[in-house]
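Architecture at a glance
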Amino acid sequence: MTDPVPVITVDGPSGVGKGTLCQWLALRLGWHLLDSGALYRLTALAALHRGLALSDEAAVAAVATALDVAFLPGADEMRILLDGAEVGAVLRSEATGDAASRVAALPAVRAALLQRQRDLRRLPGLIADGRDMGTVVFPDAGLKLFLTASAAERAQRRYKQLIEKGMNANLAGLAEEIAARDARDAQRTVAPLRPATDAEMLDTTGMPIARVCEWALMLAARRLSIPVIP
Ligand code: DC
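Rules used throughout
- Residues numbered from 1 in each chain as written.
- Predicted model: local features only at pLDDT ≥ 70, side-chain atom pairs only at ≥ 80, totals over all residues.
- Heavy atoms only, no water.
- Helix = DSSP H or I, 4+ residues; strand = E, 2+ residues; numbered from the N terminus.
- Rg over C-alpha atoms; globule rule 2.2 N^0.38 Å.
- Buried < 20%, exposed > 50% of the residue type's maximum accessible area, 1.4 Å probe, protein only.
- Contact = heavy atoms within 4.5 Å.
- Areas by Shrake-Rupley, 256 points an atom, 1.4 Å probe, with all protein chains shown as cover.
- Core = buried A, V, L, I, M, F, W, Y, C linked by side-chain atoms within 4.5 Å.
- Near = heavy atom within 4 Å.
- Polar contact = N/O pair within 3.5 Å; in protein donor to acceptor, adjacent residues only side chain to side chain.
- Nonpolar A, V, L, I, M, F, W, Y, C, P; charged D, E, K, R; others polar.
- Axes fitted to C-alpha atoms, helices over the stretch in contact; angles between N-to-C directions.
- Parallel < 35°, antiparallel > 145°, perpendicular 65-115°, else oblique.

1. So, the overall build of the protein chain
On a plain count of helices and strands, the protein chain comes out with nine helices and eight strands. Since a compact globule built from 230 residues should have a radius of gyration of about 17 Å, the 17 Å found for the protein chain is in line with a globular shape. Principal-axis analysis of the C-alpha atoms places the extent of the protein chain at approximately 50 × 45 × 40 Å. Taking all 230 residues of the protein chain together, the buried fraction comes to 45%. Sequence-distant contacts in the protein chain: of pairs separated by 6 or more residues, those separated by 24 or more amount to 74%. Surface accessibility of the protein chain: about 11,400 Å² in total, with carbon and sulfur atoms responsible for 57%.

2. Regarding the nonpolar core
Ranked by internal contacts, the top residues of the largest apolar core, which has 33 residues, are L42, L67, L82, V109 and F138. At the level of elements, α2 (36–49), α3 (57–65), β4 (79–82), α4 (94–103), α5 (107–118), β6 (126–130) and α6 (133–137) are the ones that each hand at least two residues to this core. If one sorts the elements of this core by residue count, α2 sits on top with seven residues. Not counting chain neighbours up to four residues away, the residues in contact with L82 comprise L42, L45, A46, H49, L67, D68, V69 and V87. Listed in part, the 24 residues of the second largest apolar core include I127, L202, C213 and A220.

3. Quick look at the site of the ligand
Around the ligand, the surrounding shell holds 16 residues, and the nearest of these are R41, R110, R181, D185 and R188. Within the side chain of R110, a nitrogen or oxygen atom sits 2.8 Å from an oxygen atom of the ligand. At 2.9 Å, a side-chain N or O of R131 approaches an oxygen atom of the ligand. Considering the ligand on its own, with 450 Å² of exposed area, one finds that the protein chains cover 97% of that surface. Counting only elements with at least two residues in the shell around the ligand, the list comes to α2, α4 and α8 (171–187). Here the shell around the ligand takes four residues from α2, the largest share from any one element. Among the residues making up the shell around the ligand, the classes are represented as four nonpolar, four polar and eight charged.

4. Considering α4
Along α4, seven of the 10 residues are buried, which leaves the element largely enclosed by surrounding structure. Every buried residue of α4 is listed here: E94, T96, G97, A99, A100, S101 and V103. Next to the buried residues of α4 lie α2, α3, α5, α7 (151–164) and α8.

5. Concerning the side chain of T43
With respect to the helices and strands, the residue T43 is situated in helix α2. Dropping the residues within four chain positions of it, T43 is found in contact with V60, V63, A64, L67, V103, V109 and L113.

6. Describing the packing of α3 against α5
Interaxial distance between α3 and α5 falls to 8 Å at its minimum, and their mutual angle equals 10 degrees. Here α5 runs roughly parallel to α3, going by the angle between their axes. Contacts between α3 and α5 involve E57, V60, A61, A64 and T65 from the former and P107, A108, V109, A112, L113 and R116 from the latter. Of the residues belonging to the contact of α3 with α5, the class tally is eight nonpolar, one polar and two charged.

In structure tokens, the structure reads:
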């Protein structure tokens, strides 16, 4: 039997630094990247564009199944097209994140996106960023990472990110939104946010992202026997 394509899963709550770590790992190892949050965000946006109620499970799941998206390399960031039109900053907004968290709680929506995520497992390997990558989507991953950080620090990081992108942000409002989103993601009945039993945990509160990257790369080298030059 041939070896399965290697996967590193990175799960954790909003604003914990998963995105930065995953982009860095994908570039460093030359592996593919799955931003599963983007799929839930795109599903929510497509449903809103069609005037659907976000609680209409069957209709939103049908949208998720037929999702017409393209991820194209851009100058700085990936360009993302939904139904042929660039979605830009609206995809990353807190409002879209909140809508994504609502549709993500619907079992039929999660089922509709499952195979699309697994199909991205291609050689030389995949870095999978999300909430249920290690528990549900890639339970056989060779390395599972789970990041945490205090709620106050995650709100602060998200605030900085939004300001740097020239978007409006309010720190107190963000902290509240993040807390509400975490609660919804952790308490839903299907694929709740939680570490896999075999995940490596790291509390990144007060830790520079470079150290988080170093930790992940060291584990990748050890667990997956990847020849990496420090
Ligand atoms: O990582 P993100 O902020 O882009 O994710 C947006 C929302 O999507 C998040 O609040 C929960 C949901 N999500 C999920 O339920 N499962 C995933 N694997 C990824 C995201």
